[in-house]
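# Summary of the model geometry
These are the residues of each chain, in order.
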Amino acid sequence: MVQLNSGSGDHIHTVTLDKTGKKSFGICIVRGEVKDSPNSKTSGIFIKGIVPDSPAHLCGRLKVGDRILSLNNNDVRNATEQAVIELIKDAGIKINLEIQTFEKDVKKSNERDQRENGYVQAKSKFTPEPQSSTTNKSSDPKEIPRNPAFSASIRANPAANYTANDDDEEDTRDMTGRIRTEYGYEIDRASAGNCKLNKQEKERDKEQPDEFGYTIAKIKKRYNLMKDLRKVEVTRAPNTSLGLALAGHTDRRKMACFVAGINANGPLASLDIKAGDEILEVNGNVLQNRCHLNASVIFKNIDSEKIVLITSRRKDNDEGISVKPIKKFPREVDDTKFLFELYPNARSIQIKKEGFLGIMVIYGKHVEVGNGIFVSDLREESNAVAAGIKVGDMLLAVNKDVTLESNYDEAVALIRRAEGIVTLVLLTLKSEEALKAEREAAEKKKEEARAEAEKPQDPSIAEIKINKKILIEVKVEKKPLGVIVVGGKNNQVKTGCVITHIYPEGALAADKRLNIFDHIVEVNSRPINCSEMTTLKVHQIFHTCYEKVVTFQVFRADPLEVEKFNVEFMKKPGKDLGLSLAPNERGCTISEIVPSGYQEIDNKLQRGDIITKFNGDALEGCTFEICYALFKGPNGKISMEITRPKPTCRTDASK
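Residues numbered from 1 in each chain as written. Predicted model: local features only at pLDDT ≥ 70, side-chain atom pairs only at ≥ 80, totals over all residues. Heavy atoms only, no water.

With that settled, consider the pattern of salt bridges. Applying the stated criterion across every chain yields a total of 24 salt bridges. A salt bridge links glutamate 568 to lysine 637, with the nearest nitrogen and oxygen atoms 4.0 Å apart. Taken together, the positions of glutamate 568 in strand 28 (residues 562-571) and lysine 637 in strand 33 (residues 636-645) put the pair 69 residues apart, joining distant regions of the chain. (Salt bridge = Lys/Arg side-chain N within 4 Å of Asp/Glu carboxyl O. Helix = DSSP H or I, 4+ residues; strand = E, 2+ residues; numbered from the N terminus.)

Okay, structure coming up:
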């Protein structure tokens, strides 16, 4: 669709281009200068080429040499070529152009037109030589119009001229994007077909370039670091498979496209290609350093009967293909299975294509999944609507071809080529409004949880939370607390009072809320300041029988605040260690130490220490009988691992 609006002047007008159903708007641009009079020059962004049958060609109001003044109301007179290209890419399917046309000597300029393809103009630096004939004019309805005034000299940036006919030794051209060969085929600028040979190389290369610009000399120069390069040509019947299975690199961090297998009944079976070969290019499309899934889409989108492959053959022991070569070629390879593992909510639907599917797609970005192909519009009462497709759905695959890494043109080509019953893999994504609502709901839930946590809890039922002081109330009814603790100013632990054992018969065990290594900060609102209280004083607090209830302020640290060390000594036959032990889930807690003459025990250990390993054997959860046997049996060298609380001080010193 093309909309035209007249401008205010004779030489300025506006053009609206819509590329719906087309691959591109069909204009090629360059930044340069036009000498519009002997004493003045005009610089800016100019149209250097127009693609046949494109929106730019069909509108009839654009010519090679026209100057673009603005694009979608963005002034581009002083913009760089790359900046304008980015504006076109970001514009979507429609652009508004303000065009300045230089109307000079129309008849003379028309006589100078040599070629109808606007891409060819780059070869002569936009200054074509006059033809010898001045009377014949082209009557071809597809002839690309050229601006008569564009015969003026334009000095373009070297990077904007992508031809390979210069004799410069060093190729400094921009290798991004696409270009057309002299035969009209579109290839990557980084393709071997666009590789530039210097003067000496040209003299040696007697081979005539093929449709895609390939010669053996160009291929070897472009891929001079690759091994055993080969050019494989095959002609296939329309709508038939090549019989080629592809695989990726064995190193998932590297992108490559390898031949995984050749169908013995396919057109490649008799040619010089085999499993393990790396495919570098196909028909001017560079596959080197690209995912094999993306390469599969490129193969499917090739509609020409002639296929030209550039391959590199590796040695059998070279690192490369990620799978074993396929000996029995499968009837059909389904590359879409992993999509349902990657996106559990993906769904597969089948639609009957009756001339059209009824969907339009765009290349875009979604906050949940990133870049991809998305459904942008649906045709009313189409089969796509009946199948439940929604605007905003992400298109993951068309039939067996994955579109995760496809661009817009590749995805559209797959949809157009599909016939009959078409299988689409789609993922319905949440709208921005829904995601915003979810985020707000999650924040609200966090706030409510935070407010709930800050509410004072009933101490009799309060749960102990990690890394937070919690007040609990325990019913005792004159029953012993039944606990071993460490802490005191004459104790090895001086920074706090910590539980190291809970007897199952005591009141604290019945309450079921306190654990070993819990730090007791206060008892009945009295701070347990171990730096000022003796060990005996601390023990008396926990050995007192209270009337009804006892309140504890508890801190449960995560990670645990402990230290570990080893004690080694020689045990003499018949001589006890002098330790009374209380087994628990953490090991064996020392409930009493009787001096026994073992200095390592008498000087290093204390009541409340937990023995976690004995001669390398873990004691966590062992019964008393097992612990007794371990400690009683062996003689000679004994090694014990000791775990001792090392709490952070959480009480203030007395004033």
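There's plenty left to go through after this.
As a further point, take empty space enclosed by the protein. A probe as big as a water molecule, rolled over the atoms, marks out the empty space that is left. If you walk through the whole model with that rule in mind, you get 1 cavity of 30 Å³ or more. Quantified by volume, the largest cavity comes out at close to 70 Å³. What lines the largest cavity is Val498, Phe517, His519, Phe555, Ala557, Leu560, Glu561, Val562, Pro645, Lys646 and Pro647. For the lining of the largest cavity, the residue count by class is 8 nonpolar, 1 polar and 2 charged. (1 Å grid on protein atoms, 1.4 Å probe; cavity = no way out; pocket = protein on both sides within 12 Å on 5 of 7 lines; lining within 4 Å. Points joined across faces, edges and corners; volume = space filled by probe spheres on them. Nonpolar A, V, L, I, M, F, W, Y, C, P; charged D, E, K, R; others polar.)

Moving on to the pairing of strand 30 (residues 587-593). For strand 30, the buried fraction is high: 5 of the 7 residues fall into the buried class. Sheet analysis places strand 29 (residues 579-584) next to strand 30, joined by 6 bridges and oriented antiparallel. From the neighbouring strand, serine 580 faces strand 30, where its bridge partner is glutamate 592. Between strand 29 and the antiparallel strand that follows it, strand 30, lie 2 residues. Both strand 30 and strand 31 (residues 610-614) contribute to a ladder of 2 bridges, which runs antiparallel. (Buried < 20%, exposed > 50% of the residue type's maximum accessible area, 1.4 Å probe, protein only. Pairing = 2+ DSSP bridges.)

Moving on: unusual backbone geometry. Following aspartate 558, the chain continues to proline 559 via a peptide bond in cis, the omega torsion being 10°. Structurally, proline 559 is set in the loop between strand 27 (549-555) and strand 28. In this model, lysine 478 sits at a positive phi of 65°, which is unusual for a non-glycine residue. Mapped onto the elements of the fold, lysine 478 is located in the loop between strand 22 (469-475) and strand 23 (483-486).

Let us look at the packing of aromatic side chains. Counting across every chain of the model gives 6 aromatic pairs. Measuring from ring centre to ring centre gives 6.2 Å for phenylalanine 212 and tyrosine 214, while their planes differ by 50°; the resulting arrangement is tilted. For phenylalanine 212, a relative accessible area of 3% puts it in the buried group. Look at tyrosine 214 and you get buried, because its relative accessible area is 0%. Taken together, a centroid distance of 5.4 Å and an interplanar angle of 50° make the contact between phenylalanine 569 and tyrosine 598 tilted. A residue pair is termed long-range when its members are at least 10 positions apart, and phenylalanine 569 in strand 28 and tyrosine 598 in the loop between strand 30 and helix 13 (599-604) qualify at 29 residues. According to the relative accessible area criterion, phenylalanine 569 is buried, its value standing at 4%. In this structure tyrosine 598 comes out as buried when scored by relative accessible area, which is 4%. Here the aromatic residues Tyr185, Phe212 and Tyr214 are joined through ring pairs into a cluster of three or more. Seen from the ring of tyrosine 408, lysine 19 lies directly overhead, with NZ or CZ sitting 5.7 Å from the centre. (Phe/Tyr/Trp six-rings, centres within 6.5 Å; stacked < 30°, edge-to-face > 60°. Lys NZ or Arg CZ within 6 Å of the ring centre and 35° of its normal.)

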